[in-house]
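# Working through the structure, step by step
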Amino acid sequence: MNPSPDAIAQSDASIQFEEKQQRYILTQVEQFTFVLPLTLVAEIPIVERSQILVMPFYSPVMMGVLHHAGHVIPLVSLRQLLGIAKGFVTERLTVVQLSAAAAEQAGLGLVVDRTLGMRSHSQLPPDLFDAAQSNTEPNMRLFKPEILADSLWQPLRWRSI
């Protein structure tokens, strides 16, 4: 049995209402602001650089892994992903750990320069959510887990003994 046009319209309206009620975490990497739906964020720990185990045979985007709260968290540098030249080196890093809602990227840690706070849907530029239009704030981007390439998880080379 197919749903009626009224039921479809009502469903679409409730989805749009839920999206407008959603909250977003704003993070900064250099001049870029990344907007992450709160549903994608599990936690935001501040970690010491010395806690990171470097993974030398992976892309520079992969900073390494971190043991935090009983879990191993792979760390991705958004700075490297954007191709931003290495900036200042800090001893404490802000990590946005993705939640189960991020599907295949669940548990991943995104290393950002800092967090800027939380906003509601109505406090953000409307065209940020419209893929067809160009964003009025070009340095503000909606984070989507799909921007992380599958090749990120592949070693670049193996060393033979």
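Up top you'll find the structure we're talking about.
Okay, so let's go over this structure. (Residues numbered from 1 in each chain as written. Predicted model: local features only at pLDDT ≥ 70, side-chain atom pairs only at ≥ 80, totals over all residues. Heavy atoms only, no water.)

A few words on the overall build of the chain. The helix and strand tally for the chain stands at 2 helices and 11 strands. Ordered by position from the N terminus, the helices and strands of the chain form the series α-β-β-β-β-β-β-β-α-β-β-β-β. Taken across its 161 residues, the chain has 35% of its residues classed as buried. Contacts in the chain between residues far apart in sequence, at least 24 positions, make up 60% of those at least 6 positions apart. (Helix = DSSP H or I, 4+ residues; strand = E, 2+ residues; numbered from the N terminus. Buried < 20%, exposed > 50% of the residue type's maximum accessible area, 1.4 Å probe, protein only. Contact = heavy atoms within 4.5 Å.)

Here we take up the sheet that holds strand β11 (residues 140-142). The strands that make up a sheet pair up through hydrogen bonds in the backbone, lying either parallel or antiparallel. Judged by pairing direction, the sheet is mixed, and its 4 strands sit side by side in the order β10-β1-β2-β11 without closing on themselves. The two strands at the open ends of the sheet, each matched to only one other strand, are β10 (114-120) and β11. Neighbour-to-neighbour, the strand axes of the sheet open up by a mean angle of 25 degrees, direction not taken into account. (Pairing = 2+ DSSP bridges. Axes fitted to C-alpha atoms, helices over the stretch in contact; angles between N-to-C directions.)

In strand β9 (residues 109-112), alternate side chains face the same way, and those of Gly109 and Val111 on one face and Leu110 and Val112 on the other are all buried. Direction of pairing for strand β8 (residues 92-98) relative to β9: antiparallel, over a ladder of 4 bridges. Pairing of threonine 94 across the sheet is with valine 112, part of β9.

This part takes up the environment of leucine 75. With respect to the helices and strands, the residue leucine 75 is situated in strand β7 (residues 71-77). Each C-alpha atom of the pair leucine 75 and glutamine 97 lies 8.8 Å from the other, and the pair is 22 residues apart in sequence. Among all residues touching leucine 75, those that are not within four sequence positions of it are Ile52, Val61, Met62, Met63, Gly64, Leu66, Val95, Gly109 and Val111.

As paired strands, strand β6 (residues 62-68) and β7 are joined by 6 bridges and run antiparallel to one another. Note on β7: the bridge partner recorded for histidine 68 is histidine 71. Where β7 lies against β9, 3 bridges are found, and the strand directions are parallel. Pairing of serine 77 across the sheet is with valine 111, part of β9.

A positive phi angle is found at alanine 69, which is not glycine, with a value near 50 degrees. By the element assignment, alanine 69 lies in the loop between β6 and β7. Classification of alanine 69 by relative accessible area gives exposed; the value is 62%. Non-glycine residue alanine 103 carries a positive phi angle of around 55 degrees. Assignment of secondary structure puts alanine 103 in the loop between β8 and β9. Note on alanine 103: relative accessible area 55%, which makes it exposed.

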